[in-house]
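Residue-level structural notes
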Amino acid sequence: TTSAKNTFDLNPTSFSFMKKNQIVNLNLQLNTRRFPIKSSISFKNLDQGMIFLYGNVTDSLTCNLVKESIYLTMSHKFSHIMMLINSPGGSVTAGLQLFDVLQYTKNPYHCYCLALAASMGAFLLSSGTKGNRYGLCNSRIMIHQPLGGAAGQAYAIESQANEILYYKMILSGYIADFSGKSLNQVIGDTDRDFFMSSKEAINYGLIDKLLK
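Below you will find a few notes about this structure. (Residues numbered from 1 in each chain as written. Predicted model: local features only at pLDDT ≥ 70, side-chain atom pairs only at ≥ 80, totals over all residues. Heavy atoms only, no water.)

1. Here we look at the pairing of strand β3 (residues 109–118)
- In terms of burial, β3 is largely enclosed, as 8 of its 10 residues are buried.
- Of the pairings in the sheet, the one linking strand β2 (residues 81–87) to β3 comprises 6 bridges and is parallel in character. Across the sheet, residue M82 finds its bridge partner in β3, namely H110.
- Crossover connection from β2 via helix α6 (residues 92–105) to parallel β3: handedness right-handed.
- With helix α7 (residues 120–126) bridging β3 and the parallel strand β4 (residues 133–136), this β-α-β connection has right-handed handedness. (Buried < 20%, exposed > 50% of the residue type's maximum accessible area, 1.4 Å probe, protein only. Helix = DSSP H or I, 4+ residues; strand = E, 2+ residues; numbered from the N terminus. Pairing = 2+ DSSP bridges. Right-handed = clockwise from strand over helix to strand, strands pointing away.)

2. Here we look at unusual backbone geometry
- For H76, which is not a glycine, the phi torsion comes out positive at approximately 55°.
- Of note, H76 is situated in the loop between α5 (59–75) and β2.
- Located in the positive-phi region is K106, a residue other than glycine, with phi close to 60°.
- Mapped onto the elements, K106 comes out in the loop between α6 and β3.

3. Notes on the nonpolar core
- Residues I51, M83, F123, L124, L125, I141 and L206 are the most contacted members of the largest nonpolar core, which totals 40 residues.
- No other element matches the 6 residues that α6 contributes to this core.
- By size, the runner-up hydrophobic cluster in this structure holds 5 residues, among which are M50, L84, Y112 and L114. (Core = buried A, V, L, I, M, F, W, Y, C linked by side-chain atoms within 4.5 Å.)

4. Some details on the packing of aromatic side chains
- Taken as a whole, this structure holds 10 aromatic pairs when the rule is applied.
- A centroid spacing of 5.8 Å and a plane angle of 75° characterise the contact between F123 and Y174, whose relative ring orientation is edge-to-face. Of the two residues, F123 is situated in helix α7 and Y174 in helix α8 (residues 154–179); the sequence distance between them amounts to 51 residues.
- According to the relative accessible area criterion, Y174 is partly exposed, its value standing at 30%.
- Following the ring pairs from residue to residue traces out a cluster consisting of F99, F123, Y174 and F178.
- Looking at K181, its charged tip hangs above the ring of Y204, at a distance of 5.2 Å from the centre. (Phe/Tyr/Trp six-rings, centres within 6.5 Å; stacked < 30°, edge-to-face > 60°. Lys NZ or Arg CZ within 6 Å of the ring centre and 35° of its normal.)

So this is what it looks like as structure tokens:
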């Protein structure tokens with residue numbers, strides 16, 4: 001069986017450091033047997049201080065990004081971490097999990113929107129280090145209020161509705177802080193899907209620069 005070390009061309013020093021400090025369990029054996037080429041590319045990107053938020057924001061995806069973020073922070077190899085985003089959004093709690101860890105590590109995060117950052121994807125894009133939030137020429141950014149449904153007995157429906165309203169206020173408050181807009185304006189703007197180009201997102205305060 002080909003060893004993970006031979007397949008990945010890993011830096012032996014950084015890998016032994018990672019194992020010694022038990023920063024993250026990357027399950028190398030499983031990844032190399034099933035996806036050797038894809039995993040090799042992912043490790044090379046990680047070694048450059050890059051993480052990828054691609055696809056729906058789920059517990060599984062953000063769990064992996066949390067592990068990668070902690071690993072990069074503890075390695076002390078990078079002045080900042082790059083997060084590339086192409087996401088239609090997804091779970092609010094999963095996104096807030098990642099957001100809380102990024103804030104806790106206190107590492108500067110440079111965020112890039114590739115194609116689409118919508119809903120929780122837009123939230124995480126705008127939460128990056130101010131001055132280092134980027135969009136491309138054809139990127140689209142969309143913000144809106146949390147979506148959800150309720151079923152069951154009356155008190156259960158009321159409880160779920162209150163939870164949705166809670167997250168609406170939490171997310172709107174953060175977006176107001178990220179963008180410099182008033183809370184009332186953000187609440188009004190997110191009443192429906194609010195799509196923006198990169199230039200419009202710059203004017204709104206969600207990102208800072210357009211990459212051409």
